[in-house]
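Chain by chain, the residues:
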Amino acid sequence: QVHVVESGGGLVQAGGSLRLSCAASGRTFSTMAWFRQAPEKEREFVAAIRSGGSTYYADSVKGRFTISRDNAKNTVYLQMNSLKPEDTAVYYCAADYGATDVYRRNYAYWGQGTQVTVSS
């Protein structure tokens, strides 16, 4: 079975940092990404990375968040710096074996989500 599991969420003050991890079972995914969903809002794209290393970011997190991956471990990371209260959301890891449009919510596999709360 394919499992996608996020970890690393928590409570942090504005300006602080968190590092999220997502471990996926099975063979290397071509595309892995992070999405987030705040209360009463649609799930939105945050960042994505291809197996070859290409990265993509939402405008709202450029310069603050960094996505990376360890292909050998089939694990993706999201380093979040300079966190803002508006970053508060449940963060979801997504993965797909194909070269999907990274911005759309049609990834084949999703994690259960990890809560990130940024206080002011």
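On a predicted model such as this, the values are computed, not experimentally measured, just so you know.

The next thing to look at is the pattern of salt bridges. The full count for this structure, using the stated rule, is five salt bridges. Between Asp87 and Arg36 there is a salt bridge whose closest N-O contact spans 2.9 Å. Of this pair, Asp87 sits in the loop between β8 (75–80) and β9 (89–96) while Arg36 sits in strand β4 (residues 31–37), and the two are 51 residues apart along the sequence. There is no split in this pair, since Asp87 and Arg36 are both buried. Two residues, Asp87 and Arg64, come together in a salt bridge whose shortest N-O distance is 2.7 Å. One end of the pair, Asp87, is in the loop between β8 and β9; the other, Arg64, is in the loop between β6 (55–57) and β7 (65–70), with 23 residues separating them in the sequence. Classification of Asp87 as buried rests on a relative accessible area of 1%. Connected via shared salt-bridge partners are Arg36, Glu44, Arg64 and Asp87.

By the definition in use, this model includes nine aromatic pairs. An aromatic cluster is defined as three or more aromatic residues linked by ring pairs; in this entry it consists of Phe35, Phe45, Tyr56, Tyr103, Tyr107 and Trp110. The residue whose ring lies beneath Arg27 is Tyr97, and the NZ or CZ to ring-centre distance is 3.9 Å. The ring of Trp110 carries Arg43 above its face, with NZ or CZ at 5.1 Å from the centroid.

Definitions and cut-offs
- Residues numbered from 1 in each chain as written.
- Predicted model: local features only at pLDDT ≥ 70, side-chain atom pairs only at ≥ 80, totals over all residues.
- Heavy atoms only, no water.
- Salt bridge = Lys/Arg side-chain N within 4 Å of Asp/Glu carboxyl O.
- Helix = DSSP H or I, 4+ residues; strand = E, 2+ residues; numbered from the N terminus.
- Buried < 20%, exposed > 50% of the residue type's maximum accessible area, 1.4 Å probe, protein only.
- Phe/Tyr/Trp six-rings, centres within 6.5 Å; stacked < 30°, edge-to-face > 60°.
- Lys NZ or Arg CZ within 6 Å of the ring centre and 35° of its normal.

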